[in-house]
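# A look at the structure
So the chains spell out like this:
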Amino acid sequence: MKPTRDILVVDDETVITHAVQRVCSADGLTVDCAVDAAEGMGRVLRTGYRLIISDVMMADVDGFAFLTDLRRRRIPTPVILTTGMSTVQNAVRALGAGAIDFIPKPFTSDELIASVRRGLVYARLQAEAEASSRDARPDSIAWVPPPPSYYRLGYASWLMQERDGSAKVGVTDLFLRTVDSVQALTLAAVGEELVQGSSCATLKAADGLEHVLLCPVSGQVVEVNAAVVATPGGLERDPYFEGWLYRVLPSELQYDLQHLTACSSDRM
Amino acid sequence: MKPWRTLGLKLTVAVGAVALVTIAIFALVSSRSDNRALLAEVERHANQLSEAVKSSTEFDMLLNQRDRISETVRRIGQDPSIQRIRVMNKTGEVIYSSDSAEIGRSLDKNAEACTLCHKADEPLEHVDIAQRTRVYRVHPDSQRLLGIINPIYNTLTCSSASCHYHPRAQKVLGVLDVTLPLTEVDKAIRQGQVEVGMLALASFITLSVLIGLLVRRWVTLPVQRLAEGTRHVAGGDLSYVIPEVRDDELGMLARSFNNMTQRLSEARLQLVQSDKLASLGRLAAGVAHEINNPLTGVLTYSSFLQKRTKDQPEVQEDLKVIVRETIRCREIVKSLLDFARQSVPKKGQAAINEIIARAASVVENQLQLNHVKLVQALDADVPPVTVDANQMQQVFINLFVNASDAIGPDGGGGTITVATSRLKLSPIGITQVKKAQCPKRHSLINAEVRIDNKPSIRVRARSEGSEGFIYRDPMYGMARHQFGIAPEPGMHVEVTCPECSSSLNVHGAPCPECGAATFQFEVPGKGFVEGCTNRACTWQRWTDLEKGGDKDFIEIRVRDTGSGIAHEEIPRIFEPFYSTKGQKGNGLGLAVIWGIIDNHNGSISVESEVGVGTTFIIRIPVEP
């Protein structure tokens, strides 16, 4: 079904659906609301949406079950999960379950818009990729996936294990493409501890929005890529090698890997 | 307590009674012996007198000068210390007497005094002195008398005298009877008895008073202080300390009582904390969800409005405050969630000294501003520990910041000393079984039935048709198990996994203490814990844990020279939202620390003195 509306927001709190509707409408987007997963599913089946924003804790089924149900019905609409239980576990779990983003409540209008704009670009890119594979045009690659030996958290950040036990962390090409040209990069300092599922970098885009990158691994920062901070443009040129962000000493790598997706599976 | 029921009085009375009986027996024996000695003296005197009378009259008798004899007897008998002197002939007739009225009277040979010699109707010829003496009263009310008889034998001179009155064959011619009054002796005896009695009474009173005083000092007062202590503890005041402890058994009891209340107070603190934290965890999760939703409305609308009113500076300022403060709320709720330990600690091998050094570098600037010196007395030999370095760093940052705040910005600064050391502690009684499984790897941990607020280990038990659960105490070494089934002693108990019914019994290995059936479950990676099916038996064995002996712990002491914590405040400092910093802190710092340390199977305690400073003591097991 061809999407006719931009966003469906599912939340049992109407103050939130209304707030999202208000903010997104002001951004020129068409927004519908649903108070639970059942109503949401009804709307999705009647009307196509480009993006769904769903709460995790709802009266009937939770956001994870809603997401699973959508995929089971072969509805590819990207889903952003949001919850008041804003823990790193929920963030990691949401991304692991196939949500494209996780917005912890409460959020500012800018945080919402940043996530929504990325989501809409992501949806567009996905649709284009699907169209190009249908039309058998393998030359027109929409984005470059990470190398097969890498792991990713959601579609946004990647992790590469080094032989010496350290790991490199970076941002995927797909995430960069959902962001409108990175102008500045704010990173953690050497010695800081990063936690999987919490913010590790802020990318300031040309449109003034700040995009938060969730860290794929927990550990101590031992090195920061100064070159990429100095010239953020280098990030988009080579996101997987020269454009790395951190070198990290992981504290619980085996635990963290359970929530990451092996990039080798992306090419099957 | 009624005064006559007191231990002191009972002891006093008992000791007094024993003393009284002892003194009485002594007095009796002593008075009897005095009595005997006095009587013997009188006896000897009477005998002497009797012999003297006999000798002085012997010559007159030989000459048969009866008047002279009579006169001699009368004169001697006039002495006031002599009651009476008389001479009887062999037929019992009084022939001479100091009492002239008696002369010519015949005495009854059957009278008591006479029977000894006259049993066979014939006068005896030989009677020893003890038998010759008699003590008697004429009348029950009259004074005592001592009489001594002295036989007058028929000597050669008698039978050959010119008068030749006595035939030779006759052995005894008559009897001299001397009677002395015992008035003086009796007086002396009575006086002696009174003296001994007085002495006994005085000793009894002195002893009783002395014992009473000592018992009061050594027993009653210490016991009263102990009782006072138990009343305080019963009333919930575990900080009560029994004062003035002596060096005796009761002192030992008082000391161990003080020790017990201190331990109890620590244990209660830990217990109350884990209880509170568990409920707070659940509460926080609920509150976070409930509060974050309305906060989303506030934050989204206010930030949206802020963006849309960029051209109105006066509104911008106000909205900025709303957005900033709402974001502050968001951070508070986030810290609540962090505190509720939704985040699993990510543990790894780490050097505690490095973590401390890192934490120190984080707070360095703040400490410098407060003129606080941080001294690191770190033992370079402490082994690496399995901890969540991030969380542990948070612990030290919080402690350093707290210490710095306690020292205060004014007052010329102070010192924080952080010291690490290694120590060994027995794992029994302090190790919690956090994972337990059956042979098919089903978890036996049951969070619904909690023992000491910790999830218990649940197994199913079946015996002779009855069936129920046994909830084992998760603290190894304690045996506060809960039995949902009461198997008869000696009955076999079948123990199984509640989920898959795999048998957990250890066959052919009866309990070494009571002989009942035993069972075991696995603690993944840490061997098996064995237990007994007899509810009255506390036997359990965890070979892997016990063979390791005492466990290594790292102790970290963070001492400051700050304002200290009042004694009554100490039990509350680990409570969430308990803050003495007013606006400065949110009161979660120490609670977060407590949560993290508990998560690492460690313990935290505090020693503090107002005006002197505070020391936090953290113990972390080296092995996780």
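Description of the structure in this document. (Residues numbered from 1 in each chain as written. Chains lettered and ligands numbered in written order. Predicted model: local features only at pLDDT ≥ 70, side-chain atom pairs only at ≥ 80, totals over all residues.)

### Some points on the pairing of strand β8 (residues 167-171) of chain A
All names here are of chain A. What counts is decided by this rule: Here exposure depends only on C-beta density: within 10 Å of a residue's C-beta, 20 or more other C-beta atoms make it buried, 12 or fewer make it exposed, and intermediate numbers make it partly exposed, the C-beta atoms being placed from the backbone. The numbering of helices and of strands both runs from the N terminus, where a helix is a DSSP run of H or I of at least 4 residues and a strand a run of E of at least 2. We treat two strands as partners when DSSP finds at least two bridges between them.
A large share of β8 lies buried, amounting to 5 of its 5 residues. Neither face of β8 is open: one carries Ala167, Val169 and Val171, the other Lys168 and Gly170, and all of them are buried. With 5 bridges connecting them, strand β7 (residues 157-161) and β8 associate as antiparallel partners. Residue pairing in the sheet places glutamine 161 in a bridge with alanine 167 of β8. In terms of strand pairing, β8 meets strand β14 (residues 246-250) through 3 bridges, oriented antiparallel. Each bridged residue has a counterpart across the sheet, and for valine 169 the counterpart in β14 is tyrosine 246.

### As for the packing of helix α1 (residues 14-26) of chain A against helix α5 (residues 109-134) of chain A
Residues and elements named next belong to chain A. Test applied: Throughout, an axis means a line fitted to C-alpha atoms (over the contacting stretch in the case of helices), and angles, computed between N-to-C directions, take values from 0 to 180 degrees. Oblique is the label for every angle not falling under 35 degrees (roughly parallel), over 145 degrees (roughly antiparallel), or within 65 to 115 degrees (roughly perpendicular). Each crossing gets its hand from how the near helix is turned against the far one by less than a right angle, where anticlockwise is left-handed and clockwise is right-handed. Note on contacts: residues are paired as contacts if their backbone-placed C-beta atoms lie within 7 Å. For this classification, Asp, Glu, Lys and Arg are treated as charged, while Ala, Val, Leu, Ile, Met, Phe, Trp, Tyr, Cys and Pro are nonpolar and the rest, including Gly, are polar.
It is at 10 Å that the axes of α1 and α5 come closest, and there the two elements cross at 70°. When the interaxial angle is binned, α1 and α5 end up roughly perpendicular. Judged by the twist between their axes, the crossing of α1 over α5 is right-handed. Along its contact with α1, which presents Val20, Val23 and Cys24, the element α5 presents Ser109, Leu112, Ile113 and Val116. Of the residues in the contact of α1 with α5, the class split is 6 nonpolar, 1 polar and no charged.

### Quick notes on unusual backbone geometry
The peptide bond linking lysine 105 of chain A to proline 106 of chain A adopts the cis configuration, its omega dihedral lying at -5°. Along the chain, proline 106 of chain A falls in the loop between β5 (101-104) and α5. Even without being a glycine, serine 501 of chain B presents a positive backbone phi close to 60°. Summarising the element assignment, serine 501 of chain B is placed in the loop between β16 (494-496) and β17 (505-506).

### What about helix α6 (residues 183-234) of chain B?
All names here are of chain B. For the record, the criterion: What a helix is expected to span follows from its residue count: subtract one and scale by 1.5 Å.
Across its 52 residues, α6 extends 71 Å between first and last C-alpha, which sits within 8% of the 76 Å expected from 1.5 Å per residue. All of the buried residues along α6 are Val215, Pro222 and Gly229. At the exit of α6 stands glycine 236, carrying a positive phi of roughly 100°.

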